[in-house]
Amino acid sequence: MMGITLSDRKRATWIREKTKVEDILTCKKKKWAWTVHIRITEWVPTDYKRRGRKRRRWIEELIKFAGGTFALTRSGAILAQKSFLLSDWKNCNCMLVFCLLQWQLLAPFMPNINMAGISGIARDSLEHFVIDSNEALQFKLVRTEADLENEETTFNPEMSHQVYGDSEQIFGYSGLRIKLYYTACRLTTYLAHSYTDKVNPERYDGVQADEVIKPLAERLQPGYLTNVDDFIAALKKDAAFKPYGKMLRQFTVDMEDGEEKTFEVYFCDISEPGFLEYHERMQPFILWYIDAASYIDVDDDRWRFIVV
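Residues numbered from 1 in each chain as written. Predicted model: local features only at pLDDT ≥ 70, side-chain atom pairs only at ≥ 80, totals over all residues. Heavy atoms only, no water.

Novice: What should I look at first to understand the overall build of the protein in this one?
Specialist: Helix and strand counts for the protein stand at 11 helices and 10 strands. Burial status across the protein gives 36% buried among its 308 residues. Taking contacts inside the protein between residues at least 6 apart in sequence as the whole, the part at least 24 apart equals 64%. Carbon together with sulfur atoms contributes 50% to the accessible area of the protein, which is approximately 19400 Å² in total. (Helix = DSSP H or I, 4+ residues; strand = E, 2+ residues; numbered from the N terminus. Buried < 20%, exposed > 50% of the residue type's maximum accessible area, 1.4 Å probe, protein only. Contact = heavy atoms within 4.5 Å. Areas by Shrake-Rupley, 256 points an atom, 1.4 Å probe, with all protein chains shown as cover.)

Novice: Before we go on, may I ask you to explain unusual backbone geometry in this structure?
Specialist: Both trends apply: most residues other than glycine have a negative phi, and most peptide bonds are in trans. A positive phi angle is found at Glu168, which is not glycine, with a value near 50°. Mapping Glu168 onto the fold places it in the loop between helix H7 (161–164) and strand E3 (169–171). Residue Leu187 is not a glycine yet carries a positive backbone phi of 60°. Within the element layout of this structure, Leu187 appears in the loop between strand E5 (177–183) and strand E6 (189–194). Given a relative accessible area of 5%, Leu187 falls into the buried group.

Novice: Honestly, the sheet that holds strand E10 (residues 304–307) in this entry has me stumped. Any pointers?
Specialist: Two pairing modes exist for strands in a sheet, parallel and antiparallel, and in both the strands are linked by backbone hydrogen bonds. Sheet architecture is open: three strands sit in the order E8-E9-E10, paired in antiparallel fashion. Two strands in the sheet have a free side with no partner beyond their single neighbour: strand E8 (246–254) and E10. If you compare each strand with its neighbour and ignore which way they point, the axes differ by 15° on average. Taken together, the four bridges between strand E9 (residues 260–269) and E10 define a ladder with antiparallel strand orientation. Paired with Asp269 across the two strands is Arg304, which belongs to E10. (Pairing = 2+ DSSP bridges. Axes fitted to C-alpha atoms, helices over the stretch in contact; angles between N-to-C directions.)

Novice: Looking at this structure, I do not really get the pairing of E6. What am I missing?
Specialist: Remark: a regular strand shows side chains that alternate across the two faces of the sheet. In the sheet, E5 pairs with E6 via six bridges, with the strands oriented antiparallel. Each residue of the ladder has a partner; that of Tyr182, found in E6, is Thr189.

Novice: What is the right way to read a negative patch on the surface from this model?
Specialist: The grouping of Glu145, Glu149, Asp229 and Asp230 at the surface amounts to a negative patch. With respect to the element layout, Glu145 can be found in the loop between strand E2 (137–142) and H7. For Glu145, a relative accessible area of 49% translates into the label partly exposed. (Patch = residues over 30% accessible without salt bridge, like charges linked within 9 Å, V, L, I, M, F, W, Y side chains within 5 Å. Salt bridge = Lys/Arg side-chain N within 4 Å of Asp/Glu carboxyl O. Lys, Arg positive; Asp, Glu negative; His and termini not counted. Charge placed at Lys NZ, Arg CZ, Asp CG, Glu CD.)

Novice: Sorry, what's going on with the nonpolar core here?
Specialist: If you look at the biggest cluster of nonpolar residues, it comprises 29 residues, and the most contacted ones within it are Tyr164, Leu176, Ile178, Leu180, Leu216, Phe275 and Trp288. At the level of elements, E2, H7, E5, helix H8 (213–217), helix H10 (275–282), helix H11 (286–289) and E10 are the ones that each hand at least two residues to this core. If you tally residues by element for this core, the top one is E5, at three residues. With residues near it in sequence (within four places) discarded, Trp288 still touches Leu137, Phe139, Pro157, Glu158, Met159, Ser160, Val163, Leu180 and Leu216. (Core = buried A, V, L, I, M, F, W, Y, C linked by side-chain atoms within 4.5 Å.)

Novice: What's the story with the pattern of salt bridges in this structure? I'm lost.
Specialist: For side chains of opposite charge, pairing can occur when their charged atoms come near one another. Taken as a whole and judged by the stated rule, the model has two salt bridges. We note a salt bridge from Arg177 to Glu151, for which the minimum N-O separation is 3.9 Å. A residue pair is termed long-range when its members are at least 10 positions apart, and Arg177 in strand E5 and Glu151 in the loop between E2 and H7 qualify at 26 residues. We note a salt bridge from Arg302 to Asp300, for which the minimum N-O separation is 3.0 Å.

Novice: Honestly, the pairing of E9 in this entry has me stumped. Any pointers?
Specialist: Where E8 lies against E9, eight bridges are found, and the strand directions are antiparallel. The residue bridging Thr252 from the neighbouring strand is Thr262, located in E9. Connecting the antiparallel pair E8 and E9 is a turn made up of five residues, with Gly258 showing a positive phi of about 90°.

Novice: Please explain the environment of Asp257 as it appears in this structure.
Specialist: Mapped onto the elements, Asp257 comes out in the loop between E8 and E9. Accessibility expressed as a relative area gives 59% for Asp257, which makes it exposed.

Novice: Can you help me understand the side chain of Gln283 in this one?
Specialist: Tracing the sequence through the fold places Gln283 in the loop between H10 and H11. A relative accessible area of 11% places Gln283 in the buried class. If sequence neighbours within four positions are ignored, Gln283 has contacts with Tyr295 and Ile296.

Keep in mind that these numbers describe shape and distance, not what the molecule does.
Take a look at the structure:
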């Protein structure tokens, strides 16, 4: 087609560049990318007794390349998706091209799915970079500076999919800790994160770590603190805090540790001076404990608030 021979010593990459013909790896990538968008069905090709071997179904090719077993977990799905970008199918006996995020599509075809089927490439290279966002998120209601180092004051969310996606997974870090701390009275907010290791795009063929702070910061009131010293200084202002609105009642509760605590119930509306900003700092808590939560329209003056 191009009028060249082996003696011309032209590389395959040069030929593809001139002819605009895609190599087989690019074709494979496109095929599995398309797999994400379609529902796999038990389609059987019509052969009409033609010569040669029978055509393979899509599911058979998936099983061939990925070894016949997969991880039917959200973390396994992310592992396989990222592994495909790292795998060189020419040098590996198992090509991890299984980049479906919706693994349930294959459940009817592969009932015996387990973690053991994922190749050593995925496990060794990527597994420690997949973090459960519910475990990585650490909340505190800080009363004193000592609470910052007290693990007993730390609590975790019940859910995080409304911020970090349905998988509730964060890729690209090991030892990730996302610190979302509040002063116990004014709810002054501190946001920071730390990690022990992060995926290196130069080492892993351009694979990037997921955003950690940005999707969370978008749901917080502007002006949150990122410096722990500023946060410690803000604790002093809590001493003069007075709850917003009118106190309706007061009651005491015997706690499990034998301590008796007093609770006060306050009633107010959005017109209360300072309460709008306070409410915006308090409102993000619903994302972690109420499924399908949404922020209210504070411009509607019919809202009434009861705060304990």
